[in-house]
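Structure at a glance
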Amino acid sequence: MRVPVKIAFSRKCKRCGLRYPEKASVCPHCDGLTDDQVRRIRLRHQSSLAGHSSTGRLFMYIAGLIIVVMVILMLKN
Ligand SMILES: [Zn+2]
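An account of the accompanying structure is given in this report. Note on numbering: residues in each chain are counted from 1, in written sequence order. Per-residue local features of the predicted model are confined to residues with pLDDT of at least 70, and side-chain atom pairs are confined, for both listing and counting, to 80 or more; whole-chain, interface and lining totals are unaffected and use all residues.

Glancing now at the overall build of the chain. Helix numbering and strand numbering both begin at the N terminus, where a helix is a DSSP run of H or I of at least 4 residues and a strand a DSSP run of E of at least 2. Within the chain, the regular secondary structure consists of two helices and two strands. Along the chain direction, N to C, the helices and strands of the chain fall in the order α-β-β-α. Of the contacts made within the chain by residues no fewer than 6 positions apart, 15% connect residues no fewer than 24 positions apart. Two residues qualify as a contact pair if the distance between their C-beta atoms, derived from the backbone, is within 7 Å.

Bringing the environment of Arg11 into the picture now. If you trace the backbone, Arg11 turns up in strand S1 (residues 11–12). Partly exposed residues are those whose C-beta has more than 12 but fewer than 20 other C-beta atoms within 10 Å; 20 or more makes a residue buried and 12 or fewer makes it exposed, with C-beta atoms placed from the backbone. Looking at Arg11, the number of C-beta atoms within 10 Å reads 13, which means it is partly exposed. Look past the residues within four positions of Arg11 in its chain and what remains in contact with it is Arg19, Tyr20 and Glu22.

Here it is, written out as structure tokens:
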């Protein structure tokens, strides 16, 4: 089983909002970029986060449905 990348990326960049390894002295995502480029990264990062959360909600919804079906089946027996 692989360790999720998010655990290794423990420091959050104040400029672009992305996480990077604590060992790195500068943020690898926005180092050397212009403010406009950083803004684009932030926007893309926010939209990807929104996508993840909606996927999470869908999984929670499916898990809830499975639990309801299991309870119904258990009550029938
Ligand atoms: Zn950064």
